[in-house]
Every structure is written in structure tokens, then in C-alpha cells.
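Letter by letter, the chains look like this.
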Amino acid sequence: MTDQVTKHLWEYDHPYYCDPHNWFVPLDQDNGQNHIHPSWPAFLGFLDRNGCNDPDTFLVFRWDWDRDEDPDDGDEPRNDLNLSVMLQSRGDYGHHTVRMTDEDEPAARAWLTERASTTAAIWEPLLPTAEALKKAEEETQRLRAAVESFRAPLDWHNADHRARIREGMVDTLQTMTGRPAEDIADQLMRYSDSAIWAVECEQARTAELAGAVHASAAEVDRLEPPVATATIRDGWLLCPHCGDRDSIVQIDSATRKHRLSVASDDVVGRHMAHGDFVVDGYQCTTCDHKVDVPFEVQPD
Ligand SMILES: [Zn+2]
């Protein structure tokens, strides 16, 4: 998810707060429960030295990145990651304040994300976002099916041409769908903190995809199929679709049909029963396809 994160960790304002001191321990005692680490690497070293790398016994149940470059109260600028920790095996609440730099954020995010999976596992059966993700996933699947339908072979005259156009659309739409839905589901189960964000992101992308599918369908509808060209062979005018001989008619604007036949190598004669008219194309009377007649057409 890191490539899609848009907010910094210090930009999240979590509900309520957690006091950085254990109630039962006097503030003025060095009790081993309230820690201030001068840097992120120093904090990691502390974890190593004190066997705190087990996410179950060193359960991070809350984090708050307190960043204030110009505090109102005249205090020194702060850039602290506050971690509220329960040492579960002995019911012991502790607090860790880590002096951070902005450059520490990616490493801290990765570490917190890993820790989040432990907390998320505890609450996973109750996560309200699971249902929302399921709905978003179903919608995505439905839209993917719509995209797939674009791939269906087309019954147009120039199928290759049509296919190329649709392939381009499908590629575009698939790019928009991004990572597979199952990745997101997996992520939701593991990262409670980012669950709501993941659902919102998925829903936004679903809506975007829906718009794209709609627009693409409209674009396909607007395309006129190209018209294949009739040929002359052995004195016959051949339909490019069914191959029938002398089955092509000229249609006029009054939808009257005038049969054609070959007059010479590059001239076609038109059997006209009526006076002058506006030509409205050519069509094969055997297979009903529209065709193009690239020859000079003369009245008989
Ligand atoms: Zn035909």
C-alpha cells in the first residue's frame, strides 16, 4: 500500500489520547515503563536488547505521531512518535516516545504496519469494514466482467480492426483496476489501521472504473463498422462477405434497390428502373452486409 499512501503519519489525528504514564507508578520514579528514545534506530536497538520484538508480548495498541514545528506554548518543536504498549504476558502498560525525523517515516510505517496486523487479528471478527470491502469487491468483479465482455469476438466486418480498438480500451481499464482485489482483502485483514482507507480507495477506484466502462461502451457504440470492398472476378461482381456473384445492389435514398453487374474490368452497370436519385450505399442481397463498390457505376 505504501505506494498509494497520500497522508503522512503525523497528519493523522487519532480519537482521544492515551496518557504516557502508568497510573499506578509515581511520575517521579524511574520505573522502567516510560521511555524516551533519542532516535528511531535507538528505539529499534532497545527492542533488540530487551527482547521486545515479539508483537504479542509487546503489543502496540496505539500510536500517535506528535509533530509540531512551532508549538503555541513556546515549547521546543516536537517530532515524536508515541507508542502505547501493553506487555500482555504480565498486564503491564508502558509508553515509548521516539524522537523522529521525517526521513524515518517509511521505516516507521513499515514497522507499525507489521505491528498493526497483531492488533487487527484481535479485532478482526468485529471489523465493520469487512462488509464494505466485500461490497466493493463484488462491484469491482461486476465491472471487470463488463470489461471482459469487451473482449468478446465481434460480429463486425473487420473483426481484427474492432479487436484492436477494444484491446486498447481493456488495457486502459485494467490499468485502472490496479492490484488484485484479493490483495486488498488480505491487507484489510492484516492492517486494521488502514482498513477504512483501503475500502474508500477501492470504492473510489470502483466508481472511476464504472465511469470508464460506461464511457468506453459509448465510444464503441459510436464506431461505425468499416465496409468491405466488392471485387470483380471472371466477369462477376463478388460479395466480399458471402462470395455470392452479382448479388450486390445499389440503394438509393428512397431505399430502392438497383441490381449491379459487371460491364468491364473496372466498370459496373446499374439496372435502373427509376430516374436520377441519391446513392445511399451498396448491399448484398444474399447476406445483407453493406459493401463498398470501388468501381465506376454506370446506368445500363
Ligand atoms: Zn453477400
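Just so you know, these numbers come straight off a predicted model, no measurement behind them.

Parameters and conventions
- Note on numbering: residues in each chain are counted from 1, in written sequence order.
- Totals for whole chains, interfaces and linings use every residue, but because this is a predicted model, local features are given only for residues with pLDDT of at least 70 and side-chain atom pairs only at 80 or more, for both listing and counting.
- Only runs of H or I of at least four residues qualify as helices and only runs of E of at least two qualify as strands under DSSP, and these elements are numbered from the N terminus.
- Comment: burial labels come from other C-beta atoms within 10 Å of the residue's own C-beta, placed from the backbone, where a count of 20 or more is buried, 12 or fewer is exposed, and between is partly exposed.
- A pair of residues counts as a contact when their C-beta atoms, built from backbone coordinates, are within 7 Å of each other.
- Strand pairing is assigned whenever DSSP detects at least two bridges linking the two strands.
- Only the contacting stretch of a helix is used when fitting its axis, a line to C-alpha atoms as for every element, and angles between N-to-C directions run 0 to 180 degrees.
- Take the buried Ala, Val, Leu, Ile, Met, Phe, Trp, Tyr and Cys residues, join any whose C-beta atoms are within 7 Å, and the set you get is a nonpolar core.
- Here pLDDT means the predictor's own confidence in every residue, given as a number from 0 to 100.

Engineer: Can you help me understand the overall build of the protein in this one?
Structural biologist: When you go through the protein residue by residue, the secondary structure sums to six helices and 13 strands. Here the protein holds 300 residues, and the buried ones make up 16% of them. Considering only residue pairs separated by 6 or more positions, the protein has 65% of its internal contacts joining residues 24 or more positions apart.

Engineer: How do you make sense of the sheet that holds strand 8 (residues 248-252) when you look at a structure like this?
Structural biologist: Judged by pairing direction, the sheet is mixed, and its seven strands sit side by side in the order 5-12-11-8-9-10-13 without closing on themselves. Looking at strand neighbours, the two that pair on one side only are strand 5 (228-229) and strand 13 (296-299), the edges of this open sheet. Relative to strand 10 (residues 267-270), strand 9 (residues 257-264) runs antiparallel, the two sharing four bridges. The residue of strand 10 that forms the bridge with Ser 264 is Val 267.

Engineer: Would you explain the sheet that holds strand 4 (residues 92-99) in this entry?
Structural biologist: Within a beta sheet, neighbouring strands are joined by backbone hydrogen bonds and run either parallel or antiparallel to one another. Spatially, 1-4-3-2 is the arrangement adopted by the four strands of the open sheet, whose pairing is mixed. Here the strands that pair on one side only, and so sit at the sheet edges, are strand 1 (34-37) and strand 2 (58-68). Strand-to-strand twist in this sheet, taken as the mean axis angle between neighbours without regard to direction, amounts to 15°. Bridge analysis of strand 1 against strand 4 gives four bridges, and the strand direction is parallel. Note on strand 4: the bridge partner recorded for His 37 is Val 98. Together, strand 2 and strand 3 (78-87) form the strand contacts of helix 2 (residues 105-123), whose direction differs from that of strand 2 by roughly 140°.

Engineer: How do you make sense of the pairing of strand 11 (residues 279-284) when you look at a structure like this?
Structural biologist: Consecutive side chains of a regular strand alternate in pointing toward one face of the sheet and then the other. Here strand 8 runs beside strand 11; their pairing, made up of four bridges, is antiparallel. Residue pairing across strands places Asp 252 opposite Val 279, the latter belonging to strand 11. The pairing of strand 11 with strand 12 (residues 290-292) spans two bridges and is antiparallel. Note on strand 12: the bridge partner recorded for Tyr 282 is Val 291. In this antiparallel pair of consecutive strands, strand 11 and strand 12, the connection spans five residues, and Asp 288 shows a positive phi of 70°.

Engineer: Help me understand unusual backbone geometry in this model?
Structural biologist: Peptide bonds are mostly trans, and most non-glycine residues show a negative phi. Here Tyr 16, not a glycine, exhibits a phi torsion of approximately 55°, which is positive. Positive phi, close to 55°, is recorded for Asp 234, a residue that is not glycine. Mapping Asp 234 onto the fold places it in the loop between strand 6 (231-233) and strand 7 (236-238).

Engineer: Explanation requested: the nonpolar core in the structure shown.
Structural biologist: Nonpolar side chains tend toward joint burial in soluble globular proteins. Judged by nonpolar contacts, Ala 230, Leu 237, Leu 238, Cys 239, Ile 248, Val 249, Leu 260, Val 268, Tyr 282, Cys 284, Val 291 and Val 293 together constitute the single largest core of twelve residues. Beyond its immediate stretch of four places on either side in the chain, Val 291 contacts Val 227, Ala 228, Thr 229, Ala 230, Cys 239, Pro 240, Ile 248, Tyr 282, Gln 283 and Cys 284. Grouped together as the second largest cluster of nonpolar side chains are nine residues, Phe 43, Phe 58, Trp 63 and Val 85 included.

Engineer: What am I meant to see in the confidence of the model for the protein here?
Structural biologist: Interpretation of the predicted coordinates at a detailed level should be avoided for regions scoring low in pLDDT. Confidence in the prediction of the protein, expressed as mean pLDDT, is 78, and 68% of residues score 70 or more. Per-element mean pLDDT across the protein ranges from 44 in helix 5 (residues 181-190) up to 96 in helix 1 (residues 40-49). For the stretch residues 151-157, pLDDT sits under 50, and the model shows 13 contacts to residues farther than four places along the chain or on other chains. Low confidence marks residues 179-194, where pLDDT is under 50. Its contacts with residues over four positions away, or in another chain, come to 31 contacts.

Engineer: I keep staring at helix 1 and nothing clicks. Help me out?
Structural biologist: Each α-helix turn comprises 3.6 residues. Residues three or four places apart therefore point the same way. Of all ten residues that make up helix 1, one are buried, and the element is exposed over most of its length. A positive phi of about 60° marks Gly 51, the residue just after helix 1.

Engineer: What is the right way to look at the environment of Asp 244 in this model?
Structural biologist: Of note, Asp 244 is situated in the loop between strand 7 and strand 8. A C-alpha to C-alpha distance of 8.6 Å links Asp 244 and Cys 287, two positions 43 residues apart in sequence.

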